[in-house]
Amino acid sequence: MNSSSSRPEAAKPPMRDALVAAAFQLFLERGYEQTTVDDIVALAGVGRRSFFRYFPSKEDVVFPDHERCLADMTAFLAASDEDHEPVRRVCDAARLVLLMYAENPSFSVQRYRLTKKVPGLRAYELSVVWRYERALAAYLRGRFADRPDGDLRADVIAAAVVAAHNNALRSWLRSDGQGDAGVTVDHALGYVRSAFDSSPAAPQALPAPPLPPPTPAPTGERPEDVVVVVARRGAPLWRVVQEIETTLARD
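Within every chain, residues take consecutive numbers counted from 1 along the sequence as written. With the structure being a predicted model, the display of local features is reserved for residues of pLDDT at least 70 and the display and counting of side-chain atom pairs for 80 or more, all residues being used for whole-chain, interface and lining totals. The basis for every side-chain value is the complete set of non-hydrogen atoms in the structure, without hydrogens or water.

Help me understand the packing of aromatic side chains in this model?
Each aromatic ring pair is specified by the distance between its two centres and by the angle formed by the two planes. Planes of paired rings set the category: under 30 degrees apart is stacked, over 60 is edge-to-face and the rest tilted, where pairs are Phe, Tyr or Trp rings (Trp by its six-membered ring) whose centres lie within 6.5 Å. Here the structure, examined in full by the defined rule, presents seven aromatic pairs. By the ring-pair criterion, three or more aromatic residues cluster together here, those being Phe24, Phe27, Tyr32 and Phe107. Charge-over-ring contacts are defined here by two conditions on Lys NZ or Arg CZ: a distance within 6 Å of the ring centre and an angle within 35 degrees of the ring normal. Directly above the ring of tyrosine 32 sits lysine 58, whose terminal nitrogen or CZ lies 4.1 Å from the centroid. A cation over a ring is seen here: arginine 89 above phenylalanine 76, with NZ or CZ 3.7 Å from the ring centre.

Written out as structure tokens, the structure reads:
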């Protein structure tokens with residue numbers, strides 16, 4: 001059997017990975033806004049139908065693994081039982097997101113830099129983060145259903161877990177993925193557990209581990225900023241995201 005004829009085909013990356021690789025190559029060469037779906041599929045050597053089979057939009061190709069990670073988190077929480085301490089359980093669930101980023105540090109850093117530059121991607125990412133937070137809160141609401149303040153406690157803890165995780169994750173990404181991201185995230189989540197976990201094994205807050213210094217921004221690039229948007233209770237998510245994108249575009 002002549003195996004040489006099968007090697008090129010076997011060496012090709014899966015179509016989904018090929019589309020992601022082609023997209024980021026073009027984003028780096030041309031810029032995100034200047035790259036179209038047609039450009040991506042042309043470089044990947046596939047048709048438009050193949051692209052939309054995997055990604056509903058161009059934004060989704062920037063965040064190719066979030067749907068899988070959200071499904072994994074939801075399944076992880078659904079498999080919980082009464083013996084699992086709820087605050088520790090949601091902290092463990094948040095670590096699944098970290099593992100997704102740590103699987104490919106160079107890609108994660110590249111995406112972080114791209115997202116900082118494109119307001120639409122930053123708004124999209126916020127909507128993804130909101131879905132993670134809602135998954136954590138839904139689990140906690142079930143666990144705290146017998147408490148008069150159960151819903152409030154669930155929402156506050158879910159928001160704290162996401163904030164702690166994202167603070168540590170951004171620190172790691174700003175350092176170009178250097179060091180142990182797990183240690184940094186564990187430290188941040190330790191704050192949440194020390195504040196809300198009433199079990200005997202709950203950790204006390206410890207001094208922050210040292211992090212590599214952040215990579216200086218290129219000349220002319222502004223440091224990372226923070227945007228606060230006030231929205232009416234019950235406002236649809238699309239309207240909140242639209243307001244965030246509009247605010248970012250004013251900068």
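Is there a simple way to explain the packing of helix α10 (residues 150-174) against helix α11 (residues 181-196) in this structure?
Pairs of packed helices are described in terms of their axes, by the angle between the two and the distance that separates them. Following both chains from N to C, one finds α10 and α11 inclined at 155°, their axes separated by 8 Å at the closest point. Taken together, the axes of α10 and α11 lie roughly antiparallel to each other. In terms of crossing hand, the pair formed by α10 and α11 is right-handed. Where α10 abuts α11, its residues Arg153, Val156, Ile157, Ala160, Val161, Ala164, His165, Ala168, Leu169 and Trp172 lie against Ala181, Thr184, Val185, Ala188, Leu189, Val192 and Phe196. Considered class by class, the residues forming the contact of α10 with α11 number 14 nonpolar, two polar and one charged. Note on geometry: axes are C-alpha line fits, over the in-contact stretch for helices, and angles between N-to-C directions span 0 to 180 degrees. Helical segments are the DSSP runs of H or I of at least four residues, strand segments are the runs of E of at least two, and each set is numbered from the N terminus. Any angle that is under 35 degrees is reported as roughly parallel, and any over 145 degrees as roughly antiparallel; angles of 65 to 115 degrees are reported as roughly perpendicular and all others as oblique. Two helices cross in a left-handed way if the nearer one is turned anticlockwise from the farther one by less than a right angle. They cross in a right-handed way if the turn is clockwise. In this description, contact between two residues means that some pair of their heavy atoms is separated by no more than 4.5 Å. Residues are grouped as follows: Ala, Val, Leu, Ile, Met, Phe, Trp, Tyr, Cys and Pro are nonpolar; Asp, Glu, Lys and Arg are charged; every other residue, Gly included, is polar.

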